[in-house]
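Next come the chains, spelled out residue by residue.
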Amino acid sequence: MTLPSTTQRTVTVADDETGERLDRVLARHVAELSRSRLKVLIENGAVALGAHTIRDPARRVNSGDTLSVNVPPPEPAKPAAEPIPLRVVYEDNDIIVIDKPRNLVVHPAAGHANGTLVNALIAHCGDSLSGIGGERRPGIVHRLDKDTTGLMVVAKNDRAHRALAAQFADHGKSGEPFERSYLAFVWGAPDRPQGTIDKPIDRNPNARDRMAVREGGREAITYWQVLERYQGQAEAGRGKKAPLPVAAMVACRLETGRTHQIRVHLAAIGHPLLGDETYGSGFRTKAGLLPEKAKEALAALGRQALHSHMLSVKHPATGEFLTFRSELPPDLSRLRNALASKPETGDKVSVKT
C-alpha cells in the first residue's frame, strides 16, 4: 500500500493582505487546514518564504511574498476504540451531538491516554470519524473540561469538520446562526441583571496549567445573565436572612472560545463557580453561609458547577439551523434545589444580549 505523502501548497500574498499575520493569511488560502493547525505547522518549520523558513505565526507579510507550506498527510487516529457508553442527543452521517457526563476527558493527553470521549467515539462511529489536518483528536472541533457536563458536537467526516471548525472560529460574528450557552452556579450574585465580560485571556505565567486575565492576551468575551439568586441561611439567633445573595445561577453565552473562559471570567468579576478548586479556592469559607442541604450538595458535587445547556449550529451539509438543549444533570439539579426551594428568579429571557 502506498502511503500518502506530504504535499506542498504555494501562496502569493495579495496587495490587500500586506501587514497581516502569516497564520491569518495562510488560513484564508489553505482552507482545508484550521488556523490553529497552520500555527503548529509554522512553529514546526513547515512554512517558508523563498528559501527562508519562518517559525513565527505572527510574522507580518508583504504584498507579493511567495509562501510555501508543506502539508503532511492526515494522521490516523492513535487512540483505540473503547466501549464507553455515550448519551447521543442527535446523529446523522455528518455530525453527532452528545451530552457529556462529568469526569470524562475529551481527548487523550498526558495522564489520560485512554478512557476519553475520543476513545468512545471511535468505538461508536468507526472509520467515519474525521482525521483532518493531521489531528490526533478525530472529529473534535471544541471541547469541555473534564468535569464540565453538557452538549458537544463532533464531526464525522472531513467536510463536516471544516464547516464546524469555521463556525466555532467565527462564533456567530459574521451573522451565521451559532450559539453556545452554559448554566453556571456562582458565589454571590452580580449587582446587575446582565452584562458583558470583555477581558483578554492567556496562560498564567506562574502556573502553566491555568489561564488568567492578562493584558495582551487573546480576546475573550462572555455575556452573562442572572437567572436565580439564592439567600444564605438565617443569621444565628436572629432568624434573618443574610442581606446579600450567597449564590446565583447565571447563564453565560460565549462570543469567543478560550480555554476555561467562563471559569476565568466569572472569577475575574468576583463570582467564581461553586466547586471550582482552580479558580475559586479562595471562596471555600463561604460554604458556611449555605443552607445545610446546600452544603451537603456542594460537598457531594466534587466539581465546578458548570453545564453546557444549549448549542445552536448550522448543519455542515444541509445548512439547517439546529438547536439542542440539555437539562441540568442530577448533581447540579440537587444543588439548585438545595440552594433554595423558592429561589428569587431573574428575568426569564433569552441569554442573547
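Structural notes, computed from the coordinates.

Cut-offs and rules
Residues numbered from 1 in each chain as written. Predicted model: local features only at pLDDT ≥ 70, side-chain atom pairs only at ≥ 80, totals over all residues. Heavy atoms only, no water. Helix = DSSP H or I, 4+ residues; strand = E, 2+ residues; numbered from the N terminus. Contact = heavy atoms within 4.5 Å. Salt bridge = Lys/Arg side-chain N within 4 Å of Asp/Glu carboxyl O. Phe/Tyr/Trp six-rings, centres within 6.5 Å; stacked < 30°, edge-to-face > 60°. Buried < 20%, exposed > 50% of the residue type's maximum accessible area, 1.4 Å probe, protein only. Lys NZ or Arg CZ within 6 Å of the ring centre and 35° of its normal. Pairing = 2+ DSSP bridges. Axes fitted to C-alpha atoms, helices over the stretch in contact; angles between N-to-C directions. Arc of directions from axis to C-beta. Patch = residues over 30% accessible without salt bridge, like charges linked within 9 Å, V, L, I, M, F, W, Y side chains within 5 Å. Areas by Shrake-Rupley, 256 points an atom, 1.4 Å probe, with all protein chains shown as cover. Lys, Arg positive; Asp, Glu negative; His and termini not counted. Charge placed at Lys NZ, Arg CZ, Asp CG, Glu CD.

## Let's talk about the environment of Phe 178
If you trace the backbone, Phe 178 turns up in the loop between helix 4 (158-170) and strand 8 (179-187). On a C-alpha basis, the gap between Phe 178 and Thr 323 in space is 9.0 Å, while along the polypeptide they are 145 residues apart. With sequence-adjacent residues up to four places away left out, Phe 178 is seen in contact with Gln 167, Phe 168, His 171, Gly 172, Ser 312, Val 313 and Phe 321.

## Some thoughts on the pattern of salt bridges
Inspection of every chain in the model, using the stated rule, returns 15 salt bridges. One salt bridge in this structure joins Asp 145 and Arg 263, with 2.8 Å as the shortest N-O distance. Placement of the pair is Asp 145 in the loop between helix 3 (117-125) and strand 7 (149-155) and Arg 263 in helix 5 (residues 261-268), with a sequence separation of 118 residues. When the shortest N-O distance is used, the salt bridge between Glu 228 and Arg 336 registers 2.3 Å.

## A few points about the packing of aromatic side chains
The geometry of an aromatic ring pair is captured by two quantities: the separation of the ring centres and the angle between the planes. Tallied over the full model, the rule gives three aromatic pairs. Between Phe 168 and Phe 178, the aromatic rings sit 4.9 Å apart at their centres with planes inclined by 80 degrees, giving edge-to-face as the arrangement. Linking Phe 168 in helix 4 with Phe 178 in the loop between helix 4 and strand 8, this pair joins segments that are 10 residues apart in sequence. Accessibility assignment for this pair places Phe 168 and Phe 178 in one class, buried. Note on Phe 185 and Tyr 230: the rings are 6.5 Å apart at their centroids and 20 degrees apart in plane angle, and the pair reads as stacked. Of this pair, Phe 185 sits in strand 8 while Tyr 230 sits in strand 12 (residues 221-231), placing them 45 residues apart in sequence. Considered together, Phe 185 and Tyr 230 belong to a single accessibility category, that of buried residues. Looking at Arg 210, its charged tip hangs above the ring of Tyr 279, at a distance of 5.9 Å from the centre.

## Here's the deal with the sheet that holds strand 1 (residues 7-12)
Spatial strand order, 1-4-2-3: four strands in an open sheet with antiparallel pairing. The open sheet has two edge strands, strand 1 and strand 3 (52-53), and neither has a second partner. Summarising the sheet, strand 2 (residues 47-49) and strand 4 (residues 66-71) pair through three bridges and their orientation is antiparallel. Residue pairing in the sheet places Val 47 in a bridge with Val 69 of strand 4. Across the sheet, helix 1 (residues 22-29) is in contact with strand 1, strand 2 and strand 4; its angle to strand 1 comes to roughly 110 degrees.

## As for the side chain of His 315
With respect to the helices and strands, the residue His 315 is situated in the loop between strand 14 (306-314) and strand 15 (321-325). Residues contacting His 315, with those up to four places away along its chain left out, are Tyr 90, Asp 92, Asp 94, Ile 95, Glu 320 and Leu 322.

## Notes on unusual backbone geometry
Here the phi dihedral of Asn 103 falls at roughly 60 degrees; this positive angle occurs in a residue that is not glycine. Structurally, Asn 103 can be placed in the loop between strand 6 (95-100) and helix 3. Take Asn 103: its relative accessible area is 53%, and that puts it in the exposed class. You will see that His 260, though not glycine, has its phi angle at about 60 degrees, which is positive. Turning to its location among the elements, His 260 is positioned in the loop between strand 13 (245-254) and helix 5. Taking relative accessible area as the criterion, His 260 reaches 18% and is therefore assigned buried.

## Comments concerning helix 7 (residues 330-339)
Looking at helix 7, one finds that the buried residues are Asp 331, Leu 332, Leu 335, Ala 338 and Leu 339. Angularly, the buried residues of helix 7 cover 125 degrees about the axis, an arc narrow enough to put them on a single face. In this structure, helix 7 carries Pro 330, Arg 334 and Asn 337 as exposed residues pointing more than 90 degrees from its buried face. Where helix 7 is buried, its residues touch strand 7, strand 8, strand 12, strand 13, helix 6 (292-301) and strand 14.

## Side note on a positive patch on the surface
A cluster of basic residues, Arg 143, Arg 203, Arg 208 and Arg 214, forms a positive patch at the surface. With a relative accessible area of 41%, Arg 143 lands in the partly exposed category.

## A look at the pairing of strand 7
Among the seven residues that make up strand 7, seven are buried, leaving the element largely enclosed by the rest of the structure. Pairing of strand 6 with strand 7 involves six bridges; the strand directions are antiparallel. By the bridge assignment for strand 7, Asp 99 is matched with Leu 151. One ladder, built from two bridges, connects strand 7 with strand 14; its direction is parallel. Note on strand 14: the bridge partner recorded for Gly 150 is Ser 308.

In short, geometric facts, not functional conclusions.
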